[in-house]
Amino acid sequence: MIQLKNGKTNKKSKILMVISYPDTRLRKEIDTLLKCGYEVKVIIWERGWPFTCDKKVDVKGLGLNAPIGRINSLLYFPIWFLYLVFWLFKSEWDVVHAVNFDTYLFSLIAAKIKNKPIIYDIYDFYGDMMPAILRNIIVKVDKRLLPFSDVLILADEARVEQIGGNIHKNIFTINNSPEEYNFDKNYHEDNINTFKVFIGGKILKERCLDVVISAIGKIEGAKLSIRGHCDETGYKQQIMQLSQKFDNIDMYLDGVPYEEIVKGTLSADLTIALYDPDIPNNRYASPNKLFEAMASKIPIIVNENTSMADIVRKEKCGIVIPYGNEEALIWAVSRLKNDLSLQKRLGDNGRKAYENKYNWTIMENRLNSIYSQVLEGGF
């Protein structure tokens, strides 16, 4: 429950959250708002992925299955936009919380017509994820419209540069930090004969899993477990076939609950997050798995030319290598496998940074403060 400056408590304000794909960050934000006593509604494009949240949340979900990050997904967007607009105007709400540009434009129109505040939450800067033929147009439109939101939320401070600097008067950072209660159990079982590497979440070609599989497959005494979802059929087949060449690769790519990803990270000795920096949005990505590694007290390997690398260097919680360089990856994994003191030191550094800077309680308090001020008309 939020205590407002006028001494009143706000328990009945209706928050409408809109997003075009299921995301762990969305669930955390929903849970935070429910704790504060708000009534939460969600408009979501489920895209065939499971989306679960508290039963108290009114969810309007478009179940149309469609790929993410592929040009042919654009063919599905007119259906999504019609669905979104219908529920934006049919639903009653006091604040609309729009995630990414593909919900922001119509949410902004609805907010202005209804004379309600709008929060724009950029998980990923949409234009920098689009094909080159559309990128410049969407980036320009997004930058032109984002100052019209009451609040702009970014997932990383580095994204201020990505959006063109301080072009909004109310910018806040809420990192993709995991919730502490997920990491209060120790699943780790020491085994001097096996060095466990775990990768969980969305599997895309740009995340270089083929190189990871090939590298770890050649390291004696290392085992790689991959749990996630891959809807790029050709790439899925490629890495499945590649993994069959090695006895130390265990992979499941048809989607798993978030709890299984947490458990896999907690039980591992190392995780890896490689993002192609030639894709503009990847240079500013700070994904869940970075902070999950910190919370789990294990090191992480990331690649150069990303904001992840900046955080890893700053917090001394992992190793930075060139993207796509199998030889460098073999060296980094082998170094950690053979140096337990280094492995522990990097893991301890990450956990300390998580507790002091990046844990979800800090982000939760920040989100609470944002909503308190928005509903008081403080922005």
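Residues numbered from 1 in each chain as written. Predicted model: local features only at pLDDT ≥ 70, side-chain atom pairs only at ≥ 80, totals over all residues. Heavy atoms only, no water.

Details of the overall build of the protein
Link 1 in the chain: Summing up its helical and strand segments, the protein has 13 helices and 15 strands in all.
Link 2 in the chain: Along the first, second and third principal axes, the C-alpha atoms of the protein reach 60 × 45 × 40 Å.
Link 3 in the chain: Within the protein, the fraction of its 379 residues that count as buried is 57%.
Link 4 in the chain: Residue pairs at least 24 apart in sequence account for 66% of intrachain contacts in the protein once pairs closer than 6 positions are excluded.
Link 5 in the chain: When the accessible surface of the protein is summed, it comes to about 17000 Å², and 50% of that surface belongs to carbon and sulfur atoms.
Link 6 in the chain: With 50 positive and 47 negative side-chain charges, the protein shows a separation of 4 Å between the mean positions of the two kinds. (Helix = DSSP H or I, 4+ residues; strand = E, 2+ residues; numbered from the N terminus. Buried < 20%, exposed > 50% of the residue type's maximum accessible area, 1.4 Å probe, protein only. Contact = heavy atoms within 4.5 Å. Areas by Shrake-Rupley, 256 points an atom, 1.4 Å probe, with all protein chains shown as cover. Lys, Arg positive; Asp, Glu negative; His and termini not counted. Charge placed at Lys NZ, Arg CZ, Asp CG, Glu CD.)

Remarks on helix 4 (residues 132-145)
Link 1 in the chain: Between the first and last C-alpha of helix 4 there are 20 Å, a value that for 14 residues agrees with the 20 Å anticipated at 1.5 Å per step.
Link 2 in the chain: Among the residues of helix 4, I138, V139, D142 and L145 are the ones counted as buried. Seen end-on, helix 4 carries its buried residues on one side only, within an arc spanning 140°. In helix 4, the exposed residues that point more than 90 degrees away from the buried face are I133, N136, I137, K140 and R144. (Expected span 1.5 Å × (residues − 1). Arc of directions from axis to C-beta.)

Quick word on the environment of I138
Link 1 in the chain: Position of I138 relative to the elements: it lies in helix 4.
Link 2 in the chain: Overall, the relative accessible area of 15% leaves I138 in the buried class.
Link 3 in the chain: For the pair I138 and G200, spaced 62 residues apart in the sequence, the C-alpha separation amounts to 30 Å.

A closer look at the confidence of the model for the protein
Link 1 in the chain: Here the protein averages 89 in pLDDT, and 91% of its residues register 70 or above.
Link 2 in the chain: Low confidence marks residues 1-10, where pLDDT is under 50. Its contacts with residues over four positions away, or in another chain, come to 24 contacts. (pLDDT = per-residue confidence, 0-100.)

Topic: the pairing of strand 8 (residues 151-154)
Link 1 in the chain: Of the two faces of strand 8, the one carrying V151 and I153 and the one carrying L152 and L154 are both buried.
Link 2 in the chain: Both strand 7 (residues 118-122) and strand 8 contribute to a ladder of four bridges, which runs parallel. Pairing of D121 across the sheet is with I153, part of strand 8.
Link 3 in the chain: Taken together, the three bridges between strand 8 and strand 9 (residues 171-173) define a ladder with parallel strand orientation. Paired with L152 across the two strands is I171, which belongs to strand 9. (Pairing = 2+ DSSP bridges.)

Considering the sheet that holds strand 5 (residues 58-62)
Backbone-to-backbone hydrogen bonds join strands into a sheet, with any given pair of strands oriented parallel or antiparallel.
Link 1 in the chain: Strand order in the open sheet formed by seven strands is 5-4-3-6-7-8-9, and the pairing between neighbours is parallel. The strands lining the two open edges of the sheet, one partner per strand, are strand 5 and strand 9. The sheet shows a mean angle of 15° between the axes of neighbouring strands, direction not considered.
Link 2 in the chain: Across the sheet, helix 2 (residues 77-90) lies against strand 3 (14-19), strand 4 (39-45), strand 5 and strand 6 (95-99), angled at about 160° from strand 4, the strand it touches most. (Axes fitted to C-alpha atoms, helices over the stretch in contact; angles between N-to-C directions.)

Quick notes on the sheet that holds strand 11 (residues 222-229)
Link 1 in the chain: Within the open sheet, the six strands sit side by side as 12-11-10-13-14-15. Their pairing is parallel. Every interior strand has two partners, whereas the edge strands, strand 12 (249-252) and strand 15 (318-321), have only one. Strand after strand, the sheet turns through a mean of 20° between neighbouring axes, direction not considered.
Link 2 in the chain: Here two bridges tie strand 10 (residues 195-202) to strand 13 (residues 270-273), and the two strands are oriented parallel to one another. Bridging from a neighbouring strand, V197 pairs with L270 of strand 13.

Concerning the packing of helix 9 (residues 288-296) against helix 10 (residues 307-315)
Packed helices, taken two at a time, are described by the angle their axes make and the gap between the axes.
Link 1 in the chain: Two elements in contact, helix 9 and helix 10, have axes whose closest approach is 11 Å; the angle formed by their N-to-C orientations is 20°. Considered as vectors, helix 9 and helix 10 are oriented roughly parallel to each other. Regarding helix 9 and helix 10, the two cross each other, and that crossing is right-handed. The segment helix 9 lies against helix 10, with L290, F291 and M294 engaging M308, I311, V312 and E315.
Link 2 in the chain: Looking at side-chain class alone, the contact of helix 9 with helix 10 contains six nonpolar, no polar and one charged residues. (Parallel < 35°, antiparallel > 145°, perpendicular 65-115°, else oblique. Left-handed = near helix turned anticlockwise from the far one by under 90°. Nonpolar A, V, L, I, M, F, W, Y, C, P; charged D, E, K, R; others polar.)

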